[in-house]
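Here's the letter readout for the chains.
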Amino acid sequence: MKKLNILLLLLLIIFSLISLFPIYWTIITALKVNSEIFTTVPIFFPVKITLSNFYTPGQTFGAVSQTAFGSFPWLLNSAVIALLSALIGTFLIGAPAAYALTRYLKNVWLGRTVLLMMMIPEAALIIPFYIIIIKVNLINTWWGLTLVYLSFTAPLSTWLLMGFFSDLPRSVEEAASIDGLSAYKIFYKIAMPMIMPGIMVSIILNFINSWNEFLYALVLTYTPFPTGAQTVPLFLSDFIVIEKSFAWGGLAAAGVIVIIPTIIIGIYAQKYLVKGWTMGAVKE
Amino acid sequence: MSEVVIENLTKKFGNNLVLDHINLKIDSREFFVLLGPSGSGKSTLLRLIAGLEDITDGSIYIGGKKVNGVQPKDRDVAMVFQNYALYPHFSVYDNIALPLKVRGFSKDKIAQRVKEISGILHIEELLEKKPRQLSGGQQQRVALARALVRNPSIFLLDEPLSNLDAKLRVEARTFLKSLQKELGVTTIFVTHDQSEAMAMATKIAVLNRGTIKQVADPYELYMKPSDTFTAGFVGSPAMNMVPGKIVKDGNAWKFAAADMALDLKGMKFDSEAEVIMGVRPEHVVISTEGITGIISTVEPLGSVTYLEVKIGGTDIMVQYTGLARIEPNSQVKIGFALDRLLFYDKDTEKLLNK
Amino acid sequence: MNRKQATKIGLILASPLLIYFLIFFIYPIFLLFRYAFTNTAGSFSLSNFVYMSKDPILYSSLYNTLYYFIGSVAVQFSGGFLAAIVLNSYTGRLKNTFRMILYIPLTISPIVIALIWLLIFNPTYGPIDYILRTPINWLGSLNLAMPTIIVANGWEYIPFVFLIIYAGLQAVPKQYYEAASIDGMNRLQTFRYITMPSITPILVVAFLLNSIGILQGFTLVYVLTNGGPGFSTYILSFYIYKVAFAYFNLHYAAALSLLFIFIIGAFVYAMLKLTSVERYLGLKRENAGDE
Ligand SMILES: Nc1ncnc2c1ncn2[C@@H]1O[C@H](COP(=O)(O)OP(=O)(O)O)[C@@H](O)[C@H]1O
Ligand SMILES: [Mg+2]
């Protein structure tokens, strides 16, 4: 018994190393000086720590820059668009639709439609989205990308919140209807506040998915703030294309900047995230 | 003014007939209990009165007005749910105030009403708390307060005591009964617990499989259950049921069963019939003469002792008043209080000797 | 409230979703059909589908997609399953901490995954090649490029499978195991007769969700190999992107998109028909309830 547990612990440590090493490597690369990056014998524990890959005075981002500083305009776009699509997807579309589907429109096909919306891959819709966004003149704008991001945030919110609403005891809503609240008031004054954890799950997952999205941003945006809506993954991909063989420190620093928000959420919102990721698959 | 009349009410869920042509009249100020086993349709009937379910067929009148299709909020009914259904994110005060707020009462008026009702229910010191900080009994009082705060003309309760522990439950019975009397509100109370029904009701309707078996006051329900279902369901321990025959012997009527025969002096029947005889344990007496049996179990409860007496293949439960040291397997003689015997037709299951 | 009122309220509440669905799903699919069945001059034509039937790049993309799909499922399920079993069997403190460490890759943007693996798989300066003591051109070699992408992608999505299976294992009631031990089952029998049947629904759902995620793959190919070397890492999503935005043939790309949707549709349909996944997802209830 004891022996087995020690073996398991050993395995867990190995798994943890596999999970964390690539992140560790990126972080130390971001903190290394160039002479410690390009060594044929890799340095696993750097001694000379520097922040110059993040910021060196006089360098801004562009072909000549080798630091991550200057990603701010892209970060701003990412933050705005991820927040917009997370909040709109949750409050304006997902929550009312989920409530309608669990309480008023009990039709298997509506549920299936939501599932279908979640399952069509981005690449299969990028062409019509491109055509539509050009047509309505929203290319390279916050609203253009937000509208398109709703194609994954809205169905995911609906799906998640359906699970939360259907777990609510009906009697509280019935009490409210006897107490005199209208159906809409019951929805936003009674039912919505009761699934606050679900709302959190929905916002957090939507935010992470939007923050990390790549293909739509690649096609539908092309300049950073203030002239356009290009998001930070695009900053990174352009940076990779330009600096693939040179400014590894700057690249890694940019990578660190991109993952910081989502990793922080990953650590602090553990409860909500795990619930969101495993929902539907595991019913308690 | 606030009586409830139910006419030919039928409710189906899909093809599942849950209520079958229900007719009831509930008078103003009555404490009316719907009693029946689980699944008999009590909650459904209550929810139809509240307007939470759609009527399949028939009509409901509240205060003389037909309310088919009227929204719950416009029926002037209030309801207390089994799990209380308090709004978890509101304070106790806001829970009680909400029904008034949505009806456009002024802030002062609301504060005054909430204060009044929380005084009646002794929950003044809980007003700032959230429902989850309350004990079961406290939650129940808050649910009552929320229901009563707007002086509803009909007060509906669906097994509101079943989530309380035994001691609280008995206290709540007394409290609820006097509260209802004080407020004079027409009350419909659903329960599967016959002792609860007996203790509280001014009138009881017994429901089984979606049909009304009997409507009567507690006394009559206990003394003259109109059919075998009610006879067996009401009373604890249950009424003894002995199948047999009513036969005419010259001018006298007799009851003849496999293990016993009784002279039914002074009773009259229309004809000979296959029957089931019902007799409550307290109407069977241990005596020096009568039918001989063997005591198989003894259950001393203190004020009474229950004895199970085996007569041939028939078991008869006997209630003996007081505490007695009786040994199992001893032989006794029992007699029946003849004027308390009930005879039910074997086929129709209806009471013959009304 | 009668049926009609309820439907009306439901439709009003669901209207934002329904409107969005019309504009951003129905209309796009209509657009796909319109583009796919017309030529660049705008007149009706089946040329895109004729071309499709003899397009060698499409065939190798389909082959690569299948390779990538099967490889990814194999890697992610074996990895996720193993990690879940190990963590579930481990009896010690820090279980939640280990769970968090193991799922962290799931929060990371695919673009950063690409970057990380560029750094780590670099033949000259990367730590992997150093540990293996031979410089290997991972992404530049015909045989290794796709497996490398599968592994990099696996690193991100093994945690997803892990989390779901782990949650499923945790949800198996303890009494089952107690009963099994009283019945005298050994470890293997317990796994076979208690654990596996209990988590089968979860495995099926995990497979469905995971498959959809795998087929979403695009970023790693775009950044790490750009489809190469040759066409060896062209997968369908990447090929659609190329046709549309590098060769600017929206019509053929639309035809390819329809093919992609059709394939996914067939896959999901098969899943629904062959498994009880709809019931597991809560879409279908045992008793369908009201009228
Ligand atoms: N919403 C519903 N859909 C389908 N059947 C229902 C529904 N509500 C109740 N029933 C059925 O109606 C019958 C009576 O239920 P109910 O009124 O809750 O009984 P009681 O309250 O007496 O226990 C039961 O068989 C139950 O399964
Ligand atoms: Mg009930």
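Relevant structure appears above.
Keep in mind that what you see is a predicted model, and the values were worked out from it rather than measured.

## Notes on the overall build of chain B
At step 1: When helices and strands are counted, chain B shows eight helices and 20 strands.
At step 2: The principal-axis extent of the C-alpha atoms belonging to chain B is close to 80 × 45 × 35 Å.
At step 3: The buried share among the 354 residues of chain B stands at 50%.
At step 4: At a minimum sequence separation of 6, the contacts of chain B that also span at least 24 residues come to 64%.
At step 5: Here chain B holds 44 positive side-chain charges and 42 negative ones, and the gap between their average locations is 5 Å.

## Observations regarding the sheet that holds strand E1 (residues 4-13) of chain B
Across a sheet, paired strands are connected by hydrogen bonds in the backbone, their directions being either parallel or antiparallel.
All names here are of chain B.
At step 1: Spatial ordering of the open sheet is given by E2-E1-E4-E5, a layout of four strands whose pairing is antiparallel. Strand pairing shows two members of the sheet lacking a second neighbour, strand E2 (16-26) and strand E5 (65-66), which therefore form its edges.
At step 2: Sheet strands touched by helix H1 (residues 42-50): E1, E2 and strand E4 (57-62). Its angle to E1, the strand with the most contacts, is close to 115°.

## Re the site of ligand 1
All names here are of chain B.
At step 1: Around ligand 1, the neighbouring residues are Phe 13, Val 18, Pro 37, Ser 38, Gly 39, Ser 40, Gly 41, Lys 42, Ser 43 and Thr 44.
At step 2: At 2.6 Å from an oxygen atom of ligand 1 is found a main-chain nitrogen or oxygen belonging to Gly 39.
At step 3: Out of a free accessible area of 560 Å², ligand 1 has 63% covered by protein chains.
At step 4: At three residues, the largest contribution of residues to the shell around ligand 1 is made by H1.

## Brief notes about the interface of chain C and chain A
At step 1: Contact residues are listed per partner, giving 96 residues for chain C and 99 residues for chain A.
At step 2: Between chain C and chain A, a total of about 8,700 Å² is buried, with carbon and sulfur atoms accounting for 80% of that surface.
At step 3: By the criterion of area lost to chain A, the three top residues of chain C are Leu 13, Leu 17 and Tyr 125 of chain C, representing 8% of everything that side buries.
At step 4: There are zero salt bridges connecting chain C and chain A.
At step 5: For the side of chain C that touches chain A, the leading source of residues is helix H1 (residues 3-36) of chain C, giving 21 residues.
At step 6: The residue inventory of the side of chain C that touches chain A, partitioned by class, reads 74 nonpolar, 16 polar and six charged.

## Some remarks on the pattern of salt bridges
At step 1: If you walk through the whole model with that rule in mind, you get 12 salt bridges over all chains.
At step 2: Residue Lys 167 of chain B pairs with Glu 171 of chain B through a salt bridge whose shortest N-O separation is 3.3 Å. Here Lys 167 of chain B pairs with Glu 171 of chain B, and both are found in helix H5 (residues 166-183), just four residues apart, close to one helical turn.
At step 3: Close ionic contact of Lys 254 of chain B with Asp 249 of chain B constitutes a salt bridge, the shortest N to O distance being 2.9 Å.
At step 4: Connected via shared salt-bridge partners are Glu 174 of chain A together with Arg 47 and Glu 53 of chain B.

## Considering the environment of Tyr 222 of chain B
Residues and elements named next belong to chain B.
At step 1: Examined against the element boundaries, Tyr 222 turns out to sit in helix H7 (residues 218-223).
At step 2: Separated by 11 residues in the primary sequence, Tyr 222 and Phe 233 place their C-alpha atoms 10.0 Å from one another.
At step 3: Aside from chain neighbours lying at most four places away, what touches Tyr 222 is Met 198, Val 234, Gly 235, Arg 280 and Glu 282.
At step 4: Separated by 2.5 Å, the side chains of Tyr 222 and Glu 282 make a polar contact.

## Focus on the packing of aromatic side chains
At step 1: Under the counting rule described, the total for this entry stands at 48 aromatic pairs over all chains.
At step 2: Pairing Tyr 130 of chain A with Phe 245 of chain C gives two aromatic rings, centres 4.9 Å apart and planes at 85°, and the pair type is edge-to-face. With Tyr 130 of chain A in helix H5 (residues 122-135) and Phe 245 of chain C in helix H11 (residues 236-245), this pair bridges two chains.
At step 3: We classify Phe 245 of chain C as buried; its relative accessible area is 15%.
At step 4: Seen from their ring centres, Phe 33 of chain C and Phe 37 of chain C are 6.1 Å apart, and the 5° between their planes marks the pair as stacked.

## As for the interface of chain B and chain A
At step 1: Each partner contributes residues to the interface: chain B has 22 residues there, and chain A has 15 residues.
At step 2: For the pairing of chain B and chain A, the buried interface totals around 1,500 Å² over both sides, and the portion due to carbon and sulfur atoms is 66%.
At step 3: Taken as a group, Lys 73, Tyr 87 and His 89 of chain B account for 30% of the area that chain B buries against chain A, more than any other trio of residues on that side.
At step 4: For the pair chain B and chain A, the number of links is three salt bridges.
At step 5: Put simply, Arg 150 of chain B and Asp 179 of chain A hold a salt bridge, and the shortest N to O gap is 3.9 Å.
At step 6: Counting every contact that joins chain B to chain A gives seven residue pairs in polar contact (both at pLDDT 80 or more).
At step 7: Broken down by secondary-structure element, the contributors of at least two residues to the side of chain B that touches chain A are H1, strand E6 (77-80) and helix H2 (92-101) of chain B.
At step 8: No other element matches the three residues that E6 of chain B contributes to the side of chain B that touches chain A.
At step 9: Here the side of chain B that touches chain A is built from residues that sort into 15 nonpolar, two polar and five charged.

## Focus: H2 of chain B
At step 1: Within H2 of chain B, seven of the 10 residues are buried, which leaves it mostly tucked inside the rest of the structure.
At step 2: Within H2 of chain B, burial applies to Val 92, Asn 95, Ile 96, Ala 97, Leu 98, Pro 99 and Leu 100 of chain B.
At step 3: The inward-facing, buried residues of H2 of chain B contact helix H7 (170-179) and helix H8 (183-194) of chain A together with helix H3 (107-120) and helix H4 (136-148) of chain B.

How each quantity is defined
- Residue numbers restart at each chain and count upward from 1, following the sequence in its written direction.
- Throughout, the order in which chains and ligands are written sets their labels, letters from A for the former and numbers from 1 for the latter.
- Per-residue local features of the predicted model are confined to residues with pLDDT of at least 70, and side-chain atom pairs are confined, for both listing and counting, to 80 or more; whole-chain, interface and lining totals are unaffected and use all residues.
- For the side-chain quantities, the full set of heavy atoms in the structure was used; hydrogens and water were omitted.
- Helix and strand assignments come from DSSP, with helices taken as H or I runs of at least 4 residues and strands as E runs of at least 2, each series counted from the N terminus.
- Buried residues are those whose accessible area, probed at 1.4 Å on protein chains only, stays under 20% of the maximum for their type, while exposed residues exceed 50% and partly exposed ones sit between those limits.
- Residues count as neighbours in contact if any of their non-hydrogen atoms are within 4.5 Å of one another.
- By the counting scheme adopted, Arg and Lys are positive, Glu and Asp are negative, and His together with the chain ends is not counted.
- Just so you know, the charge point we use is NZ for Lys, CZ for Arg, CG for Asp and CD for Glu.
- Only strands that DSSP links by at least two bridges are regarded as paired with each other.
- Every angle, taken between N-to-C directions, lies between 0 and 180 degrees, and every axis is a line fitted to C-alpha atoms, over only the stretch in contact when it is a helix.
- Nearness is judged by heavy atoms alone; a residue qualifies as near a molecule or strand once a single heavy atom is within 4 Å of it.
- Two N or O atoms count as a polar contact when they lie within 3.5 Å, although within protein this holds only if one can serve as hydrogen donor and the other as acceptor, and sequence-adjacent residues are included solely when both atoms are side-chain atoms.
- Only the protein chains shown count as cover for residues, with accessible areas throughout obtained via the Shrake-Rupley method and a probe of 1.4 Å.
- Accessible area, probed at 1.4 Å, shrinks when two parts are joined; the buried area is that loss added up over both.
- Salt bridge, as used here: a side-chain nitrogen of Lys or Arg that lies within 4 Å of a carboxyl oxygen of Asp or Glu.
- Note that Gly is not counted as nonpolar here; it falls among the polar residues with everything else outside the nonpolar set of Ala, Val, Leu, Ile, Met, Phe, Trp, Tyr, Cys and Pro and the charged set of Asp, Glu, Lys and Arg.
- Each Phe, Tyr or Trp ring (for Trp, its six-membered ring) is paired with any other whose centre lies within 6.5 Å, and the angle between the two planes then decides the class: stacked below 30 degrees, edge-to-face above 60, tilted in between.

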